[in-house]
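# Analysis of the macromolecular model
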Amino acid sequence: MKKGLTITIIICMFLFLSGGILLIIGLANGGKLLFNIDYRNKKVETAKDLKIVTGEETVDSFSSIDLDVHAAEVRIVEGGGYNVKYAMYEGDIPRISVEDNKLTIKTINDGEGYVSFDLLGFAKQEEKTPYIEITVPAGTEFDDVRMKTNAGDINLDGYVIDALDIEANAGSIDLKNMTIDSFDADVNCGGIDISSSEIGTLTTKQNMGSLAVDDTRIYSADVDTDAGSVMMKLIGEEADYHIDVDVNAGSFQLNGETKDSSYNANSDKEMSIEVDASAGSVMIDF
């Protein structure tokens, strides 16, 4: 089983490197990494065709968020009231509404037959950075926050959230100074960074990318990654956690000491850290 997985990983790495070479050749010949594919109208919009549309709306108060957009950096900031500001590609202009104490932000285009690509942050290089900025009063606490993006980073700093659910195809998730009861993240390609926070239940699934946790207390973690590193510096004591780590192709270190790639200890403890990594290094420190 492990031999077959190793062969598969080697093949994937070869294909990845081959793709990188072709990408470099394409860029050298004037190719761009920012484009939209509109299947309905049978056209491709390249970087030079795309236009940014800006807008701003004052909205009613809310304690929940449901966001589903194609390509945009998403951030929540503090201000004097409830407001949504955006700069989006004209094909991705969002519909914004508040109903039953929930802020809903969704791309007007329903997404069928329309795909946005912003590879390697090309929009930022071109100074065309799509974003959605949600402003709330200081001290705002959220019941549940759901965010789904095709491409773009998500940045949250200093909020209390009962349930946070993030689904990202490509982009990083950066959480700082957060208090979250349950956090569920599904990331296809990108990193998850969590620092100076407290999380009740953490569940992450990543196809390719890193998970970095620093100076954070987590009561229960279930981490599943296909390819990438997992580095967790946790507040607490090793003896208080059931630790269950399985690394198919890679290494595992606990408090700086190399352990078996299949490791299980303290199974009688209620708090737990579980990591299942197909390929990559896993490091857990308390």
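Residues numbered from 1 in each chain as written. Predicted model: local features only at pLDDT ≥ 70, side-chain atom pairs only at ≥ 80, totals over all residues. Heavy atoms only, no water.

## A word on the overall build of the chain
For the chain, the helix and strand inventory stands at two helices and 23 strands. Split into buried and exposed, the 286 residues of the chain put 38% on the buried side. A sequence separation of at least 24 residues applies to 51% of the contacts in the chain between residues at least 6 apart. Of the accessible surface of the chain, which amounts to about 14400 Å², a share of 49% is contributed by carbon and sulfur atoms. (Helix = DSSP H or I, 4+ residues; strand = E, 2+ residues; numbered from the N terminus. Buried < 20%, exposed > 50% of the residue type's maximum accessible area, 1.4 Å probe, protein only. Contact = heavy atoms within 4.5 Å. Areas by Shrake-Rupley, 256 points an atom, 1.4 Å probe, with all protein chains shown as cover.)

## Re the pattern of salt bridges
One pass over the structure, following the stated rule, counts four salt bridges. A salt bridge links Glu73 to Arg75, with the nearest nitrogen and oxygen atoms 3.2 Å apart. For Glu73, a relative accessible area of 15% gives the class buried. Residue classification places Arg75 among the partly exposed positions, given a relative accessible area of 22%. A salt bridge links Glu257 to Lys259, with the nearest nitrogen and oxygen atoms 3.4 Å apart. The class of Glu257 is partly exposed, set by a relative accessible area of 46%. (Salt bridge = Lys/Arg side-chain N within 4 Å of Asp/Glu carboxyl O.)

## Digging into the nonpolar core
Within the largest apolar cluster, 58 residues are counted, with the highest numbers of intra-cluster contacts made by Ile132, Ile134, Phe183 and Ile284. At six residues, the largest contribution of residues to this core is made by strand E20 (residues 241–254). With residues near it in sequence (within four places) discarded, Ile284 still touches Met232, Leu234, Val245, Phe252, Gln253, Leu254, Asn255, Ile273 and Val275. (Core = buried A, V, L, I, M, F, W, Y, C linked by side-chain atoms within 4.5 Å.)

## Describing the environment of Ser97
Mapping Ser97 onto the fold places it in strand E7 (residues 94–99). Overall, the relative accessible area of 34% leaves Ser97 in the partly exposed class. Sequence separation between Ser97 and Asp60 is 37 residues; the distance between their C-alpha atoms is 8.6 Å. Every residue in contact with Ser97, bar those within four places of it in the chain, is listed here: Lys102, Leu103 and Thr104.

## A short note on the environment of Gly80
Structurally, the position occupied by Gly80 is in the loop between strand E5 (73–79) and strand E6 (83–89). The spatial distance from the C-alpha of Gly80 to the C-alpha of Pro137 is 5.4 Å, given a sequence separation of 57 residues.

## Some remarks on the packing of aromatic side chains
A full pass over the atoms with the stated rule returns five aromatic pairs. Judged by centre distance (5.1 Å) and plane angle (65°), the rings of Phe62 and Tyr82 are edge-to-face. Of this pair, Phe62 sits in the loop between strand E3 (52–58) and strand E4 (64–71) while Tyr82 sits in the loop between E5 and E6, and the two are 20 residues apart along the sequence. Ring pairs connect the aromatic residues Phe62, Tyr82, Phe142 and Tyr159, which therefore count as one cluster. The ring centre of Tyr131 lies 4.5 Å from the NZ or CZ of Arg75, which sits over that ring. (Phe/Tyr/Trp six-rings, centres within 6.5 Å; stacked < 30°, edge-to-face > 60°. Lys NZ or Arg CZ within 6 Å of the ring centre and 35° of its normal.)

## A look at a negative patch on the surface
Residues Glu141, Asp143, Asp144, Asp162 and Asp181 make up a contiguous surface patch of negative charge. The element best represented in the negative patch is strand E11 (residues 141–151), accounting for three residues. Looking at the secondary structure, you find Glu141 in strand E11. (Patch = residues over 30% accessible without salt bridge, like charges linked within 9 Å, V, L, I, M, F, W, Y side chains within 5 Å. Lys, Arg positive; Asp, Glu negative; His and termini not counted. Charge placed at Lys NZ, Arg CZ, Asp CG, Glu CD.)

## Digging into unusual backbone geometry
If a residue is not glycine, its phi is most likely negative; likewise, a peptide bond is most likely trans. The backbone of Asp100 shows a phi angle near 55°, a positive value even though the residue is not glycine. Along the chain, the position of Asp100 falls in the loop between E7 and strand E8 (102–107). Of note in this structure, Asn255 is not a glycine but carries a positive phi near 50°. Along the chain, Asn255 falls in the loop between E20 and strand E21 (257–259).

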